Amino acid sequence: MSEHPLGQHPVGHQPTSERLPACSRVRVVVERADAPRCAIAVGDSFDVDGSGLSTGGRAFCPFALAAVVPVLGMMQGELPADDWLVRKPLICCPDATENVVMRLERIGGAG
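Remember, predicted model here, so these are calculated numbers, not experimental data.

Caption draft 1: Layout of the overall build of the protein. A tally of helices and strands in the protein yields 2 helices and 7 strands. Reading the protein from its N end, one meets helices and strands in the order β-β-β-β-α-β-α-β-β. Within the span of the protein, comprising 111 residues, buried residues form 32% of the whole. When contacts within the protein are restricted to residue pairs at least 6 apart in sequence, long-range pairs at least 24 apart make up 61% of them. Only carbon and sulfur atoms are counted for the fraction: they give 56% of the accessible area of the protein, which is about 6,700 Å².

Caption draft 2: Geometry of the pattern of salt bridges. For the structure shown, the criterion picks out 6 salt bridges. For Asp34, the salt bridge identified is with Arg32, shortest N-O distance 2.9 Å. The salt bridge involving Arg37 is made with Asp95; its shortest N-O contact spans 2.5 Å. Taken together, the residues span a long stretch of sequence, with Arg37 in the loop between strand S2 (25–33) and strand S3 (45–49) and Asp95 in the loop between strand S6 (90–92) and strand S7 (100–106) at a distance of 58 residues.

Caption draft 3: Fine view of the nonpolar core. Counting residues in each nonpolar core, the largest one holds 21 residues, and the members touching the most others are Val68, Met102 and Leu104. Looking at this core, the elements that each hand over two or more residues are S2, S3, helix H1 (62–76) and S7. At 5 residues, H1 tops the list of elements feeding residues into this core.

Caption draft 4: Structural view of the sheet that holds S6. Taken together, the 5 strands give an open sheet; going across it, the order is S4-S3-S2-S7-S6, and neighbouring strands pair in antiparallel fashion. Either end of the sheet is taken by a strand with one partner, and the two such strands are strand S4 (52–54) and S6. On average, each strand axis in the sheet is inclined to that of its neighbour by 25°, with strand direction left out of account. Pairing between S2 and S3: 5 bridges, direction antiparallel. Among the inter-strand pairings, Val29 is bridged to a residue of S3, identified as Ser45. Seen against the sheet, H1 touches S2, S3, S4, S6 and S7 and runs at an angle of roughly 25° to S7.

Caption draft 5: Focus on unusual backbone geometry. The phi dihedral of Asn99 is positive, around 50°, even though this residue is not glycine. Summarising the element assignment, Asn99 is placed in the loop between S6 and S7.

Caption draft 6: Just the packing of aromatic side chains, in detail. Under the counting rule described, the total for this entry stands at 1 aromatic pair. With 4.7 Å between their ring centres and 80° between their planes, Phe46 and Phe60 make a pair best called edge-to-face. Pair noted here: Phe46 is in strand S3 and Phe60 is in the loop between S4 and H1, with a separation of 14 residues, a long-range link. Judged by relative accessible area, Phe60 falls into the buried class, the value being 13%.

Cut-off values and rules
- Residues numbered from 1 in each chain as written.
- Predicted model: local features only at pLDDT ≥ 70, side-chain atom pairs only at ≥ 80, totals over all residues.
- Heavy atoms only, no water.
- Helix = DSSP H or I, 4+ residues; strand = E, 2+ residues; numbered from the N terminus.
- Buried < 20%, exposed > 50% of the residue type's maximum accessible area, 1.4 Å probe, protein only.
- Contact = heavy atoms within 4.5 Å.
- Areas by Shrake-Rupley, 256 points an atom, 1.4 Å probe, with all protein chains shown as cover.
- Salt bridge = Lys/Arg side-chain N within 4 Å of Asp/Glu carboxyl O.
- Core = buried A, V, L, I, M, F, W, Y, C linked by side-chain atoms within 4.5 Å.
- Pairing = 2+ DSSP bridges.
- Axes fitted to C-alpha atoms, helices over the stretch in contact; angles between N-to-C directions.
- Phe/Tyr/Trp six-rings, centres within 6.5 Å; stacked < 30°, edge-to-face > 60°.

Okay, structure coming up:
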């Protein structure tokens, strides 16, 4: 069994040795946007395939994008089945007043 980096696990959480395989494609979808100052809206998305990013020709808020970039590499790699990115793959925009929440989805196999 893998150990938590601090040697502890969240209350009631039991670690697992199961791992999800690496995934080359990730989709980021806006799940919530209560008061965005930009043009972002629920359902907006972009895909990351390897190191390429595609918005389908639509604009995507650079601040929201910047919030997601640090975890994209982890999401594309092999993940423990109980990793927080597997259990609750949500990232918030850095401006809390906008209440923009994005969901990360693994949409492809290794590749």
